[in-house]
Each structure stands twice: as C-alpha cells, then as structure tokens.
Amino acid sequence: MQRTCRSFSRILASNRGFCTSTKGADNEKIVASVLFERLPVIIPKIDPVVYAFQEFSFRWRQQFRRAYPDEFLKKSDARGKGEYQIDFEPAPRITEADKTNDKKSLKRALDRRLYLLLYGDAYGTPKGQSVWHFPEKVYKSEETLRKCAESALESVIGDLSHTYFVGNAPMGHIAMPPTDKNKDNESFKRFFFKSQVIATNKLNIKCKDFVWVTKDELLEYFPEHSEYLTKMIIS
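Here the structure is a predicted model, which is why all the values come from computation and not from measurement. (Residues numbered from 1 in each chain as written. Predicted model: local features only at pLDDT ≥ 70, side-chain atom pairs only at ≥ 80, totals over all residues. Heavy atoms only, no water.)

Caption draft 1: Representation of the confidence of the model for the protein. The pLDDT averaged across the protein works out to 83; a share of 79% of its residues lies at or above 70. Per-residue pLDDT stays below 50 along residues 1-5; that stretch engages in 0 contacts with residues further than four places along the chain or on separate chains. Low confidence marks residues 7-25, where pLDDT is under 50. Its contacts with residues over four positions away, or in another chain, come to 1 contact. (pLDDT = per-residue confidence, 0-100. Contact = heavy atoms within 4.5 Å.)

Listed below in structure tokens is the structure:
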C-alpha cells in the first residue's frame with residue numbers, strides 16, 4: 001500500500017508541468033475597465049401587469065381587514081402633524097436634461113441606471129483613432145487588478161471620494177483578439193470592475209468627450225459585444 005502511494009505521488013509530481021504558464025500567456029496584456037454607474041434616483045415606473053396585481057391584492061386584503069375602533073384611527077391620523085412635519089415634494093420624472101437629451105448630465109433618466117462612456121484613444125485600437133470606450137488602464141505593476149481599475153477611474157474624474165467600488169473581483173472579462181483594422185496588436189483580456197457614483201450629481205470628467213447613457217443606449221455603442229454586455233449588465 002505504501003509503495004502504491006509513493007508511486008502515485010511521483011506520477012503527480014512529474015505531471016505538474018501543466019500549471020506553468022506559456023510564453024504567449026506571459027506576453028498577453030491585461031486591461032482593467034471600469035463600469036461606472038449612477039444608480040436610479042427615483043422609483044422606476046411600475047409595470048402595468050404588476051400594478052394590476054398589486055391593486056387586486058389590496059382589494060382582496062380589504063375583504064378580511066380587521067376593524068379598529070374610531071378612537072384608535074383618529075390617534076394614528078394625528079401622527080406627524082406636529083411642528084416637525086416636513087412637506088415632501090416628489091422629484092420630477094422628466095427633467096430639462098431629458099427634454100434636451102443632454103447626455104453629459106447626470107440629471108436625466110432618473111429612474112434608470114446611467115453608465116459613463118469616454119471618447120478618445122483606447123487600447124487595442126489604431127493610434128490616433130478615437131473610439132467610445134469605458135475608463136481603462138493597462139495592468140503594469142499595480143498591487144492588484146482592482147488598484148489598476150481605481151487608477152483608471154481616478155485619471156478620468158481626478159478624485160475617488162464620490163465613488164464606491166463594488167467588491168474586489170471583476171464582474172466579468174472578455175478576450176479581445178486582433179481586429180481587421182489593427183492586426184498589428186496582440187490579443188489581450190479586458191476585465192470589468194463595477195463602481196458607483198456616490199452623493200453627487202456632477203463630476204469633473206477629463207476627456208475629449210463623454211456621455212452618460214442607459215443600458216439600451218450603451219449597447220448601441222458596442223454592437224459587436226452587445227450580447228456579452230447584455231448578460232454582464234443585469235439591470
């Protein structure tokens with residue numbers, strides 16, 4: 001039995017070559033991209049089917065509601081009518097940015113998530129050809145890949161005090177082979193990290209051009225990767 005275990009361990013030790021990386025894998029570049037999003041500001045509109053079900057459920061519960069004494073109901077109605085009462089005004093669903101289709105403003109599509117896209121040079125594209133892309137940076141000597149992603153976003157907005165990175169691991173990755181327009185470039189892997197706008201509606205973005213777009217609008221900028229982005233961006 002001992003001889004069998006020893007021989008088996010020798011076989012495992014001799015077959016560990018598959019764990020080593022190849023020369024091609026060492027030369028392959030890694031790019032950290034940031035999916036920078038602004039969360040919804042107001043509650044999204046309720047789907048008509050969901051609204052109909054909620055109305056039916058309310059009417060059904062009303063049939064079996066418990067009857068309370070009038071004295072108790074009057075006391076509950078009196079709550080919140082003291083000197084600390086605050087008048088609440090709901091935020092408008094349609095803003096000036098919506099009316100003018102101002103995609104540089106965060107005050108649009110308040111019931112949707114918005115994502116930041118930049119226009120300029122991007123890794124993997126011919127030099128001097130500007131394209132729409134996410135904030136990105138080629139991984140070099142950073143401690144972690146997330147640090148690389150933070151550096152990419154910081155180079156665009158200048159300060160990370162109004163940002164929140166969701167987790168330490170990337171939310172997805174995609175292999176980018178050389179394109180017909182730029183065959184000289186080698187293939188590389190792009191890793192996506194999610195970050196969110198916190199406590200502000202205005203950022204000083206340093207770029208040739210930029211837009212804040214919804215998911216549906218974002219897919220129009222990347223038709224060749226729309227299927228993958230649809231799966232990666234859940235909401």
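Caption draft 2: Fine view of the packing of aromatic side chains. Taken as a whole and assessed by the stated rule, the structure comprises 9 aromatic pairs. Measuring from ring centre to ring centre gives 5.8 Å for F36 and W212, while their planes differ by 50°; the resulting arrangement is tilted. Residue F36 is found in strand β1 (residues 29-38), and its partner W212 is found in strand β8 (residues 209-213); the two are separated by 176 residues along the sequence. For the pair F36 and W212, a shared accessibility class is recorded, and that class is buried. An aromatic cluster of at least three residues, connected via ring pairs, comprises F134, F192, F222 and Y228. If you follow K104 out to its NZ or CZ, it ends over the ring of F210, 5.7 Å from the centre. (Phe/Tyr/Trp six-rings, centres within 6.5 Å; stacked < 30°, edge-to-face > 60°. Helix = DSSP H or I, 4+ residues; strand = E, 2+ residues; numbered from the N terminus. Buried < 20%, exposed > 50% of the residue type's maximum accessible area, 1.4 Å probe, protein only. Lys NZ or Arg CZ within 6 Å of the ring centre and 35° of its normal.)

Caption draft 3: A look at the environment of S161. Looking at the secondary structure, you find S161 in the loop between α6 (145-157) and β5 (163-165). Between the alpha carbons of S161 and I198 there is a distance of 8.2 Å; along the sequence they are 37 residues apart. Within the structure, the side chain of S161 is placed 2.6 Å from the side chain of D159, a separation counted as a polar contact. (Polar contact = N/O pair within 3.5 Å; in protein donor to acceptor, adjacent residues only side chain to side chain.)

Caption draft 4: Representation of the environment of S130 in the model. Within the secondary structure, S130 is located in the loop between β2 (114-120) and β3 (131-133). It is 9.1 Å that separates the C-alpha atoms of S130 and K208, two residues lying 78 residues apart in sequence. At 2.7 Å, the side chain of S130 and the side chain of K208 are in polar contact.

Caption draft 5: Inspection of the nonpolar core at higher detail. Core analysis: the largest hydrophobic core is formed by 21 residues, its most contacted members being F36, L116, I205 and W212. Of all the elements in the fold, those that place two or more residues in this core are β1, β2, α6, β7 (188-197) and β8. The element best represented in this core is α6, accounting for 5 residues. Filtering out sequence-adjacent residues up to four positions away, I205 remains in contact with L116, L118, V156, I157, F210 and W212. V138, F192, V213 and L218 belong to the second-largest nonpolar core, a separate cluster that totals 18 residues. (Core = buried A, V, L, I, M, F, W, Y, C linked by side-chain atoms within 4.5 Å.)

Caption draft 6: Representation of the pattern of salt bridges within the structure. Overall, the coordinates contain 12 salt bridges when judged by the stated rule. Residue R93 is joined to D111 by a salt bridge in which the shortest nitrogen-to-oxygen separation is 4.0 Å. With R93 in the loop between α4 (70-77) and α5 (96-100) and D111 in the loop between α5 and β2, this pair connects stretches of sequence that are 18 residues apart. Note on R93: relative accessible area 37%, which makes it partly exposed. Among the residues examined, D111 registers a relative accessible area of 23% and is labelled partly exposed. (Salt bridge = Lys/Arg side-chain N within 4 Å of Asp/Glu carboxyl O.)

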